[in-house]
Every structure is written in structure tokens, then in C-alpha cells.
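# Analysis of the macromolecular model
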Amino acid sequence: MIPANALDPATARALLEWQVELGATEAICEAPVDRYALAAAEAAERAAPPAAPATPAHVEPAGGEGPDPVAVARAAAADAADLAGLEAALAAFEGCALKKGAQTLVFADGVPGARVMIVGEAPGRDEDRQGKPFVGRAGQLLDRMFAAIGLSRAAEDPAQALYITNVLPWRPPQNRDPRPDEIAMMLPFVERHIALAAPEVLVLMGNISCQALLRRKGILRLRGQWTEALGLPVLPMTHPAYLLRQPAAKRHAWSDLLALAAHLDPEPKDTT
Ligand code: URA
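Residues numbered from 1 in each chain as written. Predicted model: local features only at pLDDT ≥ 70, side-chain atom pairs only at ≥ 80, totals over all residues. Heavy atoms only, no water.

Across its full length, the protein holds 12 helices and six strands. For the protein, with 272 residues in total, the buried portion stands at 40%. Expressed as a percentage of contacts within the protein between residues at least 6 apart in sequence, the contacts between residues at least 24 apart total 72%. (Helix = DSSP H or I, 4+ residues; strand = E, 2+ residues; numbered from the N terminus. Buried < 20%, exposed > 50% of the residue type's maximum accessible area, 1.4 Å probe, protein only. Contact = heavy atoms within 4.5 Å.)

The environment of the ligand is formed by Gly120, Glu121, Ala122, Glu127, Pro133, Phe134, Asn166 and His239. Glu121 has a polar backbone atom sitting 2.7 Å from an oxygen atom of the ligand. Interatomic distance of 2.8 Å between a side-chain N/O atom of Asn166 and a nitrogen atom of the ligand. Contact with the protein chains covers 91% of the free accessible surface of the ligand, which is 240 Å². Tallied by class, residues from the shell around the ligand come to three nonpolar, three polar and two charged. (Near = heavy atom within 4 Å. Polar contact = N/O pair within 3.5 Å; in protein donor to acceptor, adjacent residues only side chain to side chain. Areas by Shrake-Rupley, 256 points an atom, 1.4 Å probe, with all protein chains shown as cover. Nonpolar A, V, L, I, M, F, W, Y, C, P; charged D, E, K, R; others polar.)

Checked against the element boundaries, Asn166 lands in strand β3 (residues 162-166). Of the residues examined, Asn166 reaches a relative accessible area of 6% and is grouped as buried. For Asn166, the side chain forms a polar contact with the main-chain nitrogen of Glu121, separated by 3.1 Å.

Counted by the stated rule, this structure contains eight salt bridges. Of the charged contacts in the structure, one is a salt bridge between Arg153 and Asp143, with a shortest N-O distance of 3.0 Å. Of this pair, Arg153 sits in the loop between α7 (137-147) and β3 while Asp143 is found in helix α7, placing the two residues 10 residues apart along the sequence. Residue Glu182 is joined to Arg179 by a salt bridge in which the shortest nitrogen-to-oxygen separation is 3.7 Å. Look at Glu182 and you get buried, because its relative accessible area is 4%. Assessed through its relative accessible area of 40%, Arg179 is described here as partly exposed. One connected set of salt bridges, linked through shared partners, spans Arg176, Arg179, Asp181 and Glu182. (Salt bridge = Lys/Arg side-chain N within 4 Å of Asp/Glu carboxyl O.)

Right, let's get into the sheet that holds strand β4 (residues 201-205). On the basis of which strands lie adjacent, the open sheet formed by six strands has the order β1-β3-β2-β4-β6-β5 and mixed pairing. Sheet topology places β1 (109-110) and β5 (227-229) at the edges, where each strand pairs with a single neighbour. Of the pairings in the sheet, the one linking strand β2 (residues 116-120) to β4 comprises four bridges and is parallel in character. Paired with Val119 across the two strands is Leu204, which belongs to β4. Running at roughly 140° to β4, α7 makes contact with β2, β3, β4 and β6 (232-237) of the sheet. (Pairing = 2+ DSSP bridges. Axes fitted to C-alpha atoms, helices over the stretch in contact; angles between N-to-C directions.)

Right, let's get into the packing of helix α4 (residues 83-92) against helix α8 (residues 180-197). Each pair of packed helices can be summarised by the angle the axes make with each other and by the distance between the axes. Across the interface, α4 lies against α8 with an axial gap of 10 Å and an inter-helix angle of 165°. Of the possible angle classes, the one that applies to α4 and α8 is roughly antiparallel. α4 and α8 meet at a crossing whose hand is left-handed. Between α4, through Leu83, Leu86, Ala89 and Leu90, and α8, the contact on the second element is made entirely by Met186, Phe189, Arg192, His193, Leu196 and Ala197. The class makeup of the residues in the contact of α4 with α8 is eight nonpolar, one polar and one charged. (Parallel < 35°, antiparallel > 145°, perpendicular 65-115°, else oblique. Left-handed = near helix turned anticlockwise from the far one by under 90°.)

This brings us to helix α3 (residues 69-79). Those residues of α3 that sit buried are Pro69, Val70, Ala73 and Ala77. One side of α3 holds all its buried residues, which, seen down the axis, span an arc of 95°. Those residues of α3 that are exposed and angled more than 90 degrees off the buried face are Ala78 and Asp79. If you check the start of α3, you find a side-chain oxygen 2.9 Å away from the backbone N of Val70, and it comes from Asp68. (Arc of directions from axis to C-beta.)

Listed below in C-alpha cells is the structure:
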């Protein structure tokens with residue numbers, strides 16, 4: 001791949017026109033993606049030794065000035081008696097600088113009490129605008145994936161419903177990965193969120209939620225392997241944003257969805 005900065009404007013334009021002639025009609029990402037580097041990184045991840053405990057839940061308080069945000073978060077989350085109280089506690093939490101750059105607090109969507117709770121990473125641009133998790137392109141794919149096994153965030157019956165949240169309630173700038181200290185200070189809220197929503201099964205979407213709740217990284221090895229967290233069965237899955245970039249991985253996601261459906265309904269009725 002030619003590095004972008006090695007191109008003069010005329011060559012770059014000619015390459016672009018060539019893409020258009022080939023039928024490309026729109027740019028599908030906000031920023032260019034080096035797919036060669038992506039493939040190399042994924043191969044390295046698959047080849048790496050088994051996932052080890054990763055992100056510390058306990059991060060040293062920064063610089064020692066002011067109260068420890070993790071301790072403040074823990075106390076605020078513990079005080080929340082219900083989901084509305086937890087949302088209010090998050091809204092009042094001043095320990096995370098991401099809040100200042102975000103337009104909205106993205107708390108949750110779907111049906112509290114649903115059998116399945118999905119925990120994603122963090123809001124993107126569309127979620128930040130609308131104040132709801134997973135409403136952009138990745139979210140639309142997520143909806144289609146779960147609809148294929150009869151689950152929806154709009155379902156009235158909790159047996160067919162989803163409840164959806166993220167590790168981070170505020171959009172990180174330029175959609176960068178959440179930092180370990182940000183994950184650590186949000187973890188008490190996420191744990192309380194799960195306790196109050198009381199799902200039967202947790203689905204962790206992508207690396208960041210696995211890092212937060214399982215203390216493990218390496219979603220390509222973790223996906224599809226049932227595990228446990230907070231006393232609940234947990235199914236890690238690849239993030240729908242990853243599936244948009246790597247459509248070939250959808251077959252693994254489909255097998256994970258089937259595993260989830262089988263877990264929820266081990267003896268489906270014979271309708272023939
Ligand atoms: N990705 C996530 O992990 N969560 C969202 O809400 C949107 C995109």
C-alpha cells in the first residue's frame with residue numbers, strides 16, 4: 001500500500017478517479033483504513049499466547065490531587081437504588097473528562113428486565129447525538145443480528161427483549177479507544193447497571209467490554225467462549241463495527257448468535 005503522504009495531489013486525484021470509475025460511490029469510513037496493517041494486527045492477535053488478565057480494575061488515582069474518581073464512582077453507584085437513580089448518579093459524576101466533550105449522556109436503550117443485556121464499548125457520533133447506544137451503522141447491524149434470533153430492543157415481552165448499554169456513557173474524542181483509567185472509573189457504574197437490570201445473560205460486544213468485565217483482551221480468541229462474570233453467564237462476541245470492516249467474520253458471529261439462542265431456549269418447540 002502506498003503511504004498517503006507519498007502521493008502528490010495529482011496522483012491522489014487520479015487514484016480517486018480510478019476508484020470512482022471502478023464503481024466506488026462513497027467513502028464508508030470517516031478516516032482511511034490501512035487494511036494490510038489491520039490484517040497483520042489481527043493475525044498477531046490470533047497468534048499471541050492465551051489471553052491473560054489485562055486492564056487493571058484498580059488504577060492509581062491520577063497525581064493524588066482531589067478525590068480518587070474510582071472511589072467516588074464506587075460510592076455513587078452503590079447508592080443508586082434503581083436505574084433512574086443510576087442514570088442520575090452518572091449525570092452528576094464529574095470524575096471523567098470525557099463528559100465535557102460529549103453532547104449527551106448515553107445511558108441505555110431497550111427493555112430493563114430483558115433476559116439478554118448487551119454491553120458495548122462507548123457511544124460514537126450518532127449515539128452522542130441521539131443519546132442512545134448503538135444507533136449508528138454498527139447499531140443497525142446489531143439490531144439485524146439479534147432480530148435473526150428473535151430478539152429486539154423494542155420487544156414488549158422481556159423474553160424477546162434486549163437491554164443495551166456501553167462501558168462508557170460519553171463519546172471519546174475521535175472515537176478513540178477508552179483509556180484504562182476511564183474504564184476503571186466507569187466500571188462501578190457498569191457493574192451496578194448490570195445488577196439493577198438483572199439480565200439472565202450478558203453479551204460483551206468487543207474488546208473493551210471484555211477488558212472491563214472479564215479483565216481479558218483478545219476478542220478474536222474470546223468470542224464464542226461462554227464464561228462468567230458477576231455471577232452471570234457471559235458470551236463475548238465480535239463488535240458489529242468489526243463485522244462491518246470484516247464481513248467474512250460474520251459467520252463466526254452467526255454461530256455465536258445460535259449459541260446464545262440455544263442457551264436461552266435449549267429445547268425449541270418443533271413447529272413442523
Ligand atoms: N459502538 C459501541 O460499542 N457502542 C455504541 O453505542 C455504538 C457503537
